Amino acid sequence: MRGAAGGGMTLPPLREVIARHGLSASRALGQNFLLDEQLLDRIAAIPGNLKDLAVLEIGPGPGGLTRALLRAGARVTAVEMDRRCLPALAELADAFPGRLRVIEGDAMAIDPATLFVEPYAVVANLPYNVGTALFTGWLSGERWPPQWRSLTLMFQQEVAERIVAPSGSGAYGRLAVLAQWRARPRLAMKVHRSAFTPPPKVMSAIVHVIPGEMPQGVSPRVLERVTEAAFGQRRKMLRQSLKGLPGALEALGRLGIDPQRRAETLSVAEFVNVARELSDTAERRTPLARSE
Ligand code: SAM
């Protein structure tokens with residue numbers, strides 16, 4: 001590698017790394033690479049100061065975001081399932097001795113708890129289907145606050161907007177409630193499709209999420225069942241969409257929520273209140289909050 005090192009020496013341009021290792025973008029693996037180092041540095045700055053912090057990067061590919069994270073001082077664990085990328089990542093590991101651990105594998109099949117003892121930040125530019133599946137997994141965990149301290153994830157802009165959507169908007173739905181009931185998501189940066197090689201069909205956006213307070217006495221599974229039923233028939237009134245959920249209509253009555261309302265008019269706090277009413281008393285006695 002030409003003049004590559006972590007201590008301020010220049011790394012070879014990403015285009016050269018890609019060409020030298022024959023990393024033609026695979027559509028099957030959702031590969032759209034970011035090559036603009038200034039943009040990558042701005043993305044790596046979104047989680048805040050990363051100096052000496054553990055970072056989990058999913059899908060490093062040729063390592064553009066990885067090198068930006070390393071430059072920011074992070075200790076990076078990168079999970080990549082495309083073996084072709086491993087030699088390029090090994091060069092990066094040589095350039096930042098002891099700072100980059102590369103794990104070959106499918107992120108969907110790896111439990112991050114097996115990779116870290118300490119808290120970690122997640123940063124990833126992932127294929128959208130994988131990103132959404134991992135995102136819902138990270139937000140659905142029993143343990144709260146979770147071991148991750150922040151999530152910085154690239155999504156299709158339309159999905160990012162659904163994550164941060166306020167109640168009453170067309171984008172508001174299950175994903176918004178899941179992302180907002182005990183976490184704080186924000187749309188951190190829009191990324192134009194032309195920033196990627198090759199460019200995807202749609203615009204992208206980066207969402208940054210930090211854990212928030214876990215409301216007491218609410219079972220995450222019950223909340224999921226409520227939002228699934230309510231938004232499963234989002235055009236219907238709650239008295240119709242929730243009627244298959246035992247106790248739900250009575251809970252609306254106790255909470256003074258008009259059953260003629262539709263799901264998208266309920267605030268996140270109202271969904272939480274409905275779920276609390278339905279969460280069983282055993283879980284209420286031992287709230288899931290702060291379980292370590
Ligand atoms: N991080 C690089 C960048 O920003 O240029 C690459 C981003 S590319 C959109 C997505 C990367 O995720 C690819 O390198 C792909 O091989 C990898 N990938 C796709 N599915 C994966 C999975 N299930 N587990 C781990 N890596 C995956």
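First, a word on scope: everything that follows refers to the structure included in this document. Each chain carries its own residue numbering, running from 1 in the direction its sequence is written. Confidence filtering applies because this is a predicted model: local features only for residues at pLDDT of at least 70, side-chain atom pairs given and counted only at 80 or more, and all residues used for totals across whole chains, interfaces and linings. As a rule here, side-chain values cover all heavy atoms of the structure and leave hydrogens and water aside.

### Remarks on the overall build of the protein chain
- Comment: elements are numbered from the N terminus, with helices defined as DSSP H or I runs of at least four residues and strands as E runs of at least two. In terms of helices and strands, the protein chain carries 12 helices and nine strands.
- In terms of overall dimensions, the protein chain is globule-like: its C-alpha atoms have a radius of gyration of 21 Å, near the 19 Å expected for 292 residues.
- Along the first, second and third principal axes, the C-alpha set of the protein chain runs to 70 × 40 × 30 Å.
- Accessible area is worked out with a 1.4 Å probe on protein chains only. A residue is then buried under 20% of its type maximum, exposed over 50%, and partly exposed in between. Counting only residues that meet the buried cut, the protein chain has 48% of its 292 residues in that class.
- The contacts of the protein chain with a sequence gap of at least 6 include a subset with a gap of at least 24, amounting to 67%.
- Accessibility throughout is a Shrake-Rupley quantity obtained with a 1.4 Å probe, and a residue counts as covered only by protein chains that appear here. For the protein chain, the accessible area works out to roughly 13,500 Å², and carbon and sulfur atoms hold 53% of it.
- Here the protein chain holds 37 positive side-chain charges and 28 negative ones, and the gap between their average locations is 4 Å. With C-alpha atoms as the basis for the radius of gyration, the globule rule is written as 2.2 Å multiplied by the number of residues raised to the power 0.38. Throughout, a contact is declared for two residues whenever any of their heavy atoms are within 4.5 Å. By the counting scheme adopted, Arg and Lys are positive, Glu and Asp are negative, and His together with the chain ends is not counted. Throughout, a charge is located at the NZ atom of Lys, the CZ atom of Arg, the CG atom of Asp or the CD atom of Glu.

### A look at the nonpolar core
- We call a set of buried Ala, Val, Leu, Ile, Met, Phe, Trp, Tyr and Cys residues a nonpolar core when their side-chain atoms join them within 4.5 Å. Of all hydrophobic cores here, the largest spans 56 residues; its most connected members are L56, F135, W138, L139, W148 and F271.
- With near-sequence residues (within four places) excluded, F135 lies in contact with L151, L153, F155, I163, L175, A179 and V209.
- Ranked by size, the runner-up nonpolar core spans 37 residues in total, among them A44, A68, A74 and A95.

### Focus: the pattern of salt bridges
- The term salt bridge refers to a pairing of a side-chain nitrogen on Lys or Arg with a carboxyl oxygen on Asp or Glu at a separation within 4 Å. With the rule as written, the count across this model stands at 14 salt bridges.
- Two residues, E37 and R67, come together in a salt bridge whose shortest N-O distance is 2.6 Å. Of this pair, E37 sits in helix α2 (residues 37–45) while R67 sits in helix α3 (residues 64–71); the two residues are 30 residues apart in sequence, bridging distant segments of the chain.
- For D52, the salt bridge goes to K51, with nearest N and O atoms at 3.9 Å.
- Residues joined in a network through salt bridges with shared partners are E37, D41, R67 and R71.

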